[in-house]
Amino acid sequence: MQTASTNIGERMGRSQELSDSKRGPVIGGHLCNKSIRDISWLLNIPRSTVSGIITKWKQLGTTANQPPSGRPRHMTGRGQRMLKHTVRRSHQLSAESIAKDLQTWCGLQMSPTTVRRELHGMGFHGRAAASKPSITKCNAKHQMPWCKARCHWTLERYLHCAKCKV
């Protein structure tokens, strides 16, 4: 006989879907007026699963799995890895060129909008870089003595001079 902790450990988390051979006895037990608790204990299935099977049978008249809702994903796991690799290799590529690359490498026919959506889901966002002033050799030559003279300043001194605009 199993201990309570082992039994609970087996039931925690998501598991595989029940086969039809396990769903039949659940409905059979229900038709024999067994309680959900009794069916659960006899078949070693969680009560919520037993309740769900009975509810589905009452509503649909079947316990078979229904097809998933929504359109299937166009991008496969391999395609996502290729997309991520392409973007990390060159950040400058446009969505159109990435879509063409995926077409040649993976044979995936997809629009640039789909590429952008996938990249956004992966955490890549198309933003322009912040503009930075051009530091020429001449500017660096003039700024270096100013920086060296102030490299020992404390933060308070720097903030005070920043307010005074020295």
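Residues numbered from 1 in each chain as written. Predicted model: local features only at pLDDT ≥ 70, side-chain atom pairs only at ≥ 80, totals over all residues. Heavy atoms only, no water.

Draft legend 1. Layout of the overall build of the protein. Helices and strands together make up the secondary structure of the protein, namely nine helices and zero strands. Put simply, the protein runs from its N terminus to its C terminus through helices and strands in the order α-α-α-α-α-α-α-α-α. Each of the 166 residues in the protein was classed as buried or not, and the buried ones make up 17%. In the protein, the share of contacts with a sequence separation of at least 24, taken over all contacts with a separation of at least 6, comes to 45%. Looking at the protein as shown, the accessible area adds up to about 13500 Å², and 55% of this sits on carbon and sulfur atoms. (Helix = DSSP H or I, 4+ residues; strand = E, 2+ residues; numbered from the N terminus. Buried < 20%, exposed > 50% of the residue type's maximum accessible area, 1.4 Å probe, protein only. Contact = heavy atoms within 4.5 Å. Areas by Shrake-Rupley, 256 points an atom, 1.4 Å probe, with all protein chains shown as cover.)

Draft legend 2. Expanded view of unusual backbone geometry. Of note, Asn 33 is a non-glycine position whose phi angle comes to about 65°, a positive value. Mapping Asn 33 onto the fold places it in the loop between helix H2 (20-31) and helix H3 (36-43). Exposure remark for Asn 33: the relative accessible area of 72% places this residue in the exposed category. In this model, Asn 44 sits at a positive phi of 55°, which is unusual for a non-glycine residue. For Asn 44, the position within the fold is in the loop between H3 and helix H4 (47-60).

Draft legend 3. Focus on the nonpolar core. Ranked by size, the top nonpolar core spans 11 residues in total: Met 75, Leu 83, Val 87, Ala 95, Ile 98, Ala 99, Leu 102, Leu 108, Met 110, Val 115 and Leu 119. For this core, the secondary structure elements donating two or more residues are helix H5 (77-89), helix H6 (95-106) and helix H7 (112-122). Broken down by element, this core gets its largest block of residues, four residues, from H6. Excluding residues within four positions of it along the chain, Ile 98 makes contact with Leu 83, Thr 86, Val 87, Leu 93, Val 115 and Leu 119. Ranked by size, the runner-up nonpolar core spans seven residues in total, among them Ile 27, Ile 45, Val 50 and Ile 54. (Core = buried A, V, L, I, M, F, W, Y, C linked by side-chain atoms within 4.5 Å.)

Draft legend 4. Just the layout of surface pockets, in detail. Considered as a void within the structure, the second largest pocket measures approximately 380 Å³ in volume. Lining of the second largest pocket is provided by 15 residues; of these, His 91, Leu 93, Leu 119, His 125 and Gly 126 occupy positions nearest its centre. Elements with a minimum of two residues in the lining of the second largest pocket: H6 and H7. Of the residues forming the lining of the second largest pocket, the biggest block, three residues, is contributed by H7. Of the residues contributing to the lining of the second largest pocket, the split by class is six nonpolar, seven polar and two charged. (1 Å grid on protein atoms, 1.4 Å probe; cavity = no way out; pocket = protein on both sides within 12 Å on 5 of 7 lines; lining within 4 Å. Points joined across faces, edges and corners; volume = space filled by probe spheres on them. Nonpolar A, V, L, I, M, F, W, Y, C, P; charged D, E, K, R; others polar.)

Draft legend 5. Quick look at the side chain of Glu 118. Topologically, Glu 118 is positioned in helix H7. Ignoring any residue separated from it by four or fewer positions in sequence, one finds Glu 118 in contact with Arg 73, Met 75, Gln 80 and Leu 83.

Draft legend 6. Quick look at the environment of Ala 64. Counting through the fold element by element, Ala 64 comes out in the loop between H4 and H5. In this view, Ala 64 contacts Arg 23 and Lys 56; residues no more than four positions away in its chain are not counted.

Draft legend 7. Geometry of the packing of H5 against H6. Contact geometry of H5 with H6 gives a least axis separation of 11 Å together with a crossing angle of 130°. Regarding the angle of H5 to H6, the classification is oblique. Between H5 and H6 lies a crossing whose hand is right-handed. Mapping the contact onto sequence places Arg 78, Gly 79, Met 82, Leu 83, Thr 86, Val 87 and Arg 89 in H5 and Ile 98, Asp 101, Leu 102, Trp 105 and Cys 106 in H6. Residue classes in the contact of H5 with H6 are distributed as seven nonpolar, two polar and three charged. (Axes fitted to C-alpha atoms, helices over the stretch in contact; angles between N-to-C directions. Parallel < 35°, antiparallel > 145°, perpendicular 65-115°, else oblique. Left-handed = near helix turned anticlockwise from the far one by under 90°.)

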